[in-house]
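# A structural walkthrough
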4 protein chains.
Amino acid sequence: MERVRQPLNSEMGWSTRERIVVRGLDLPNDILGHLDLGEMAWLELTGRRPTPGEAAVFNAVVVTLVEHGLTPSAIAARLTLLGAPEAMQSAVASGLNGMGSVFAGGSEGVARLLIEAQAAHPTSAHEAVAAQIVEDHRVRRTALPGLGHHLHKPIDPRTPRLFEIAAEHGFKGRHVALLEAVQREAERVHQRTLPINATGAIGALTCELGLPWQASRGLAVIGRAIGLVGHLVEELRTPIGKEIWLRAEEESSRAAGAA
Amino acid sequence: MERVRQPLNSEMGWSTRERIVVRGLDLPNDILGHLDLGEMAWLELTGRRPTPGEAAVFNAVVVTLVEHGLTPSAIAARLTLLGAPEAMQSAVASGLNGMGSVFAGGSEGVARLLIEAQAAHPTSAHEAVAAQIVEDHRVRRTALPGLGHHLHKPIDPRTPRLFEIAAEHGFKGRHVALLEAVQREAERVHQRTLPINATGAIGALTCELGLPWQASRGLAVIGRAIGLVGHLVEELRTPIGKEIWLRAEEESSRAAGAA
Amino acid sequence: MERVRQPLNSEMGWSTRERIVVRGLDLPNDILGHLDLGEMAWLELTGRRPTPGEAAVFNAVVVTLVEHGLTPSAIAARLTLLGAPEAMQSAVASGLNGMGSVFAGGSEGVARLLIEAQAAHPTSAHEAVAAQIVEDHRVRRTALPGLGHHLHKPIDPRTPRLFEIAAEHGFKGRHVALLEAVQREAERVHQRTLPINATGAIGALTCELGLPWQASRGLAVIGRAIGLVGHLVEELRTPIGKEIWLRAEEESSRAAGAA
Amino acid sequence: MERVRQPLNSEMGWSTRERIVVRGLDLPNDILGHLDLGEMAWLELTGRRPTPGEAAVFNAVVVTLVEHGLTPSAIAARLTLLGAPEAMQSAVASGLNGMGSVFAGGSEGVARLLIEAQAAHPTSAHEAVAAQIVEDHRVRRTALPGLGHHLHKPIDPRTPRLFEIAAEHGFKGRHVALLEAVQREAERVHQRTLPINATGAIGALTCELGLPWQASRGLAVIGRAIGLVGHLVEELRTPIGKEIWLRAEEESSRAAGAA
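Quick caveat: nothing in here was measured; it's all calculated off a predicted structure. (Residues numbered from 1 in each chain as written. Chains lettered and ligands numbered in written order. Predicted model: local features only at pLDDT ≥ 70, side-chain atom pairs only at ≥ 80, totals over all residues. Heavy atoms only, no water.)

## Looking at the interface of chain A and chain D
On the side of chain D, 30 residues touch chain A, which itself brings 30 residues to the contact. Interface of chain A and chain D: buried area, both sides summed, is about 2,300 Å²; carbon and sulfur atoms make up 60% of it. Ranking the residues of chain A by area buried against chain D places A:L70, A:P72 and A:N97 at the top, with a combined share of 21%. Between chain A and chain D we count 2 salt bridges in total. The salt bridge involving D:E251 is made with A:R247; its shortest N-O contact spans 2.7 Å. Secondary-structure elements contributing two or more residues to the side of chain A that touches chain D are α4 (72–83), α5 (88–96) and α12 (241–256) of chain A. Split into classes, the residues belonging to the side of chain A that touches chain D amount to 14 nonpolar, 11 polar and 5 charged. (Contact = heavy atoms within 4.5 Å. Buried area = accessible area lost by both parts, 1.4 Å probe. Salt bridge = Lys/Arg side-chain N within 4 Å of Asp/Glu carboxyl O. Helix = DSSP H or I, 4+ residues; strand = E, 2+ residues; numbered from the N terminus. Nonpolar A, V, L, I, M, F, W, Y, C, P; charged D, E, K, R; others polar.)

Structure below.
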């Protein structure tokens, strides 16, 4: 028996001889010169132009995700360029592959937690929901996502600034409030300072912007792709990948027995 | 004899307990809320904030590169997500790997051609340099990059709009003029309409912005990374990857002998 | 306070002017001409040469994983080559990125399940452990990994052949026995035929070979890398990627409004 | 006007309810237990079983490509695993992306050079063709591929062993002879020792085996995929990626101004 074919529908964009249409808008006339890159990313994700407030908060969120210094993914990208200088796109791809559960899963986890907890307890006060969340994590012995930072203490300086921008534009709402309630409860239960880190702030603001929690990792990928191109342009000018490689190889070879 | 170690220097960014610095600027105070995503990308690539004109032209260039419909790279990303839905970053990476010589090499080729031709003939008139370029390509039987389009005829609607934005901000200069001279000469020699396509316009504007030609592919990668996240968010909601796979597999299996 | 440095040790291989050593063996003299590719892969994974039996079973397992027709990952690799024909390695990389939880997680899941269940119940009979496993999955409403196949019914023809090869060489032991007990119990509880599929057989044989369960995905990656190179060499000769792309783009463009 | 559809043909493999066919052979009955992994790779690439001699030489060639110690691609793979431990396949993909022109282009270059030179001068003696090749490279100031090695001097120990295995099985023919003639001529012209390195030997043997030159990079990818899985299994047991990252980040942060 023949399988029933499904249609191949996509609303991202299409072209004809005279026209190029992206998410329903005419690219040359409605988009170019009218939308900045953050607003364009919003259009891609949601299918509509952002309001000025959405644009401001969304731009701030993604800008936060661009640059984090010499991270494992930046080094992986530089080492890939060393072997394939003709393929910068693949060096970026190698770096992006490292944006998995450890470095990019956090915001996603916060966004999912906030959305699912509120969906499960739609009428409860934040304090009650927060208490449930903290207790669940304590019992399962898993860390609460979005709280604490190994370096930035007592606060992560990005968080108050992101919340300030969100508040200015009316996007500091119930998701941020719930995360703040989780923080207070966690600090009470665990008796230590647990600041909301940038990951937590970004997860909460993704929810405030009405984006699905799965989009969180996409925002991290967008930010990081820009950052990786920055690192690779620096690597072309002042390379360090080869030195990182040679040091590691020399040390491990000596240890393994190469005199 | 011991190899002399080279230092590991990077000026991209660094953090301490209280501070996060990106390209010399304080991230929370100087960047968040002040730079949109395009301006942030410019900061990453050049190490300084853009002027308003640079920001406008750069944003328009990268925005142009975001969305091109259901391209091979968008399909590759969707098919990758089908096998690894837990790793959206790798689906984007798979799509980016296809941004090679065929789809992303064009702007790079135009930028390199314009810069190298002007470096080789610094005092010649555009017409003379253009004649040399067209003749070189004719003799080597290679296509002139940045001219002609398989679909958009007689003009690529993105090109006049990009040049209009560039002119508004004082970035329609000698690189655009040289490319236009190449176009005129090519049309004269080959006796057919050869519009400057978006690839050509972007290559020329990369030069006008003072970016190295190697950055061209980086701009394509940034734009495409955003577009691919858009496609993947659509794929999560209304998947088509599985249907594309099944149709191809069914047809090839039947042809190969599976009755 | 300065962080304490950890040494960079690796026992994979090293070279000097005269020698190339891989996992303690001299590459030209001890390996080349003595080990086939499967035996070499075993050496890489375990640090020692396989016995003839280990070599036979391991080769059969990985050979099983090489080719599965026009899968999503094979199509993704072909579409990537279309954009970057100069970078076959990246086309393979794009295909490998799709070997995630859906297509490559299965064997890993089986291997992990068998090892952890036996570690938790070291003295129990297979039937008792199997009953516990089936009940756990029933309660959590998750599918038992390694059982059933959407196409190959009533049996997956690879499974009896793999078990036959394993038995010949003394590698059909307690892990296979436990998986067979799980199958019997699952068929009894769910009242339907649930053959051990190739994924299940491979997961069990990975355990029989004494490899860590995390290596299962590595075996899938090795097999698939070989298969993807095969697909790409065919694509170079008789391309189909462009046709897959054009059909999808044409259909979605028409649906979206391009007349 | 409607585009004419091309068929989607692939001869790699297909399945029905009872059968799994790979390159025309029944997988369970004709392949499993009969072909080792190298022979399976040959089947994938050529569509037929290898002769014993082809199997021996092909296995030796690919085995040579598996392990090269702590290379940039091995480090990139380990750093990727650090961020995405749930996605070993993507760590391998990140490492493969670095197998570009610098590390994997060599054998391809040798194979292409040998095939194209002989196609252009089908009746000339090796010495005459070699003299032409050396002169062409001297004039264009490009290095001859496959000759010389930064570490292995005066000879690359893999080369005589590979040629010995090839000779045993009747695969040391005109391609090896031409490369040896190129070596002699290059040493005469440049007045220094220029041993055929493993890259050169593998390029020549790819030709002797009758594989297309484009397959050379595929062989490097197959070998390296196996080697990368080996590195990642070691990384799971005794990690060094984090230490490589932290050292690089600490040094560059201090240099950039983080006190």
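## Examining the sheet that holds strand β3 (residues 25–26) of chain B
The strand order across the open sheet built from 3 strands is β1-β2-β3 (chain B), with neighbouring strands paired in antiparallel fashion. Each edge of the open sheet carries a strand with a single partner, namely β1 (13–15) and β3 of chain B. (Pairing = 2+ DSSP bridges.)

## Brief notes about the nonpolar core
In this structure, A:L96 and B:L96 are the most contacted members of the largest nonpolar core, which totals 147 residues. Discounting residues that sit within four places of it in the chain, B:L96 has contacts with A:Q89, A:V92, A:A93, A:L96, B:V221, B:R224, B:A225 and B:L228. One finds C:L35, D:A74, D:V176 and D:A181 within the second-largest nonpolar core, a separate group that totals 146 residues. (Core = buried A, V, L, I, M, F, W, Y, C linked by side-chain atoms within 4.5 Å. Buried < 20%, exposed > 50% of the residue type's maximum accessible area, 1.4 Å probe, protein only.)

## Re the interface of chain B and chain A
Contacts between the two partners involve 85 residues from chain B, matched on the other side by 86 residues from chain A. Interface area, chain B with chain A, both sides summed: about 7,300 Å², of which 64% is carbon and sulfur. Three residues, B:L32, B:L37 and B:Q89, lead the burial of chain B against chain A; their summed loss comes to 10% of the area buried on that side. Put simply, chain B and chain A have 4 salt bridges between them. For B:E243, the salt bridge is made with A:R3, and the minimal N-O distance between the two is 2.9 Å. There are 28 residue pairs in polar contact (both at pLDDT 80 or more) connecting chain B and chain A. Residue contributions to the side of chain B that touches chain A peak at 14 residues, all from helix α11 (residues 215–237) of chain B. Grouping the constituent residues of the side of chain B that touches chain A by class yields 39 nonpolar, 22 polar and 24 charged. (Polar contact = N/O pair within 3.5 Å; in protein donor to acceptor, adjacent residues only side chain to side chain.)

## Notes on the relation of the copies chain A and chain D
Superposing chain A onto chain D takes a rotation of 180° combined with a translation of 0.0 Å along the rotation axis, leaving an RMSD of 0.0 Å. Those values place the two copies in the arrangement expected of a two-fold rotation axis. Mapped onto chain D, 100% of the interface residues of chain A are again interface residues, and the two copies thus contact each other with one and the same surface. (Least-squares fit on C-alpha atoms with pLDDT ≥ 70 in both.)

## Quick word on the environment of A:E54
Residues and elements named next belong to chain A. Tracing the chain through its elements places E54 in helix α3 (residues 52–64). In this structure E54 comes out as buried when scored by relative accessible area, which is 9%. At 2.8 Å, the side chain of E54 forms a polar contact with the side chain of R48.

## Describing the environment of B:L114
Residue and element names in this part refer to chain B. Of note, L114 is situated in helix α6 (residues 105–120). A relative accessible area of 1% means that L114 is categorised as buried. On a C-alpha basis, the gap between L114 and V22 in space is 32 Å, while along the polypeptide they are 92 residues apart.

## Some words on the pattern of salt bridges
Overall, the coordinates contain 64 salt bridges over all chains when judged by the stated rule. With its nearest N and O atoms 3.0 Å apart, the salt bridge here joins C:E116 to C:R112. Of this pair, C:E116 and C:R112 both sit in helix α6 (residues 105–120), 4 residues apart, which is roughly one turn of that helix. C:K172 is paired through a salt bridge with C:E180; the nearest N and O atoms lie 3.7 Å apart. Given a relative accessible area of 41%, C:K172 falls into the partly exposed group. For C:E180, a relative accessible area of 23% corresponds to the partly exposed category. Each of the salt bridges in this network shares a partner with another, and the network as a whole consists of A:R3, B:E243, B:R247, B:E250 and C:E251.

## Some words on the confidence of the model for chain A
For any part of a model where pLDDT is low, the fine detail of the predicted coordinates should not be relied upon. A residue-level look at chain A finds 99% of positions with pLDDT of 70 or above and a mean pLDDT of 94. At the level of chain-chain contacts, confidence expressed as ipTM amounts to 0.95, with global pTM at 0.96. (pLDDT = per-residue confidence, 0-100.)

## Structural notes on the relation of the copies chain B and chain A
Superposing chain B onto chain A takes a rotation of 180° plus a shift of 0.0 Å along the axis, which leaves an RMSD of 0.0 Å. Residue by residue, 100% of the interface of chain B is reproduced at the interface of chain A, so both copies engage with the same surface.

## A short note on the packing of helix α2 (residues 37–46) of chain C against helix α3 (residues 52–64) of chain C
All names here are of chain C. Taken N-terminus to C-terminus, the directions of α2 and α3 make an angle of 100°; their axes are 9 Å apart at the nearest point. By the angle between their axes, α2 is roughly perpendicular relative to α3. Side by side, α2 and α3 meet where G38, E39, A41, W42 and L45 of the first sit next to E54, A55, F58 and N59 of the second. Residues belonging to the contact of α2 with α3 are distributed by class as follows: 5 nonpolar, 2 polar and 2 charged. (Axes fitted to C-alpha atoms, helices over the stretch in contact; angles between N-to-C directions. Parallel < 35°, antiparallel > 145°, perpendicular 65-115°, else oblique.)

## What to know about the sheet that holds strand β2 (residues 20–22) of chain C
All names here are of chain C. Pairing in this open sheet of 3 strands is antiparallel, and the strands run β1-β2-β3 from one edge to the other. The outermost strands of the open sheet, each flanked by one partner alone, are β1 (13–15) and β3 (25–26). For β2 and β3, the ladder comprises 2 bridges, and the chain directions are antiparallel. Opposite V22, over in β3, you have L25 as the bridge partner.

## Some words on the packing of aromatic side chains
By the definition in use, this model includes 8 aromatic pairs over all chains. Both rings, one in A:W245 and one in D:F103, keep their centres 6.0 Å apart while their planes meet at 80°; by these two values the pair is edge-to-face. Residue A:W245 is located in helix α12, and its partner D:F103 is located in the loop between α5 (88–96) and α6 (105–120); the two belong to separate chains. Each ring, one from C:W42 and one from C:F58, has its centre 5.5 Å from the other, and the planes form 80°; the classification is edge-to-face. Here C:F58 lies in helix α3 and C:W42 lies in helix α2, a separation of 16 residues in the sequence. Assessed through its relative accessible area of 1%, C:F58 is described here as buried. (Phe/Tyr/Trp six-rings, centres within 6.5 Å; stacked < 30°, edge-to-face > 60°.)

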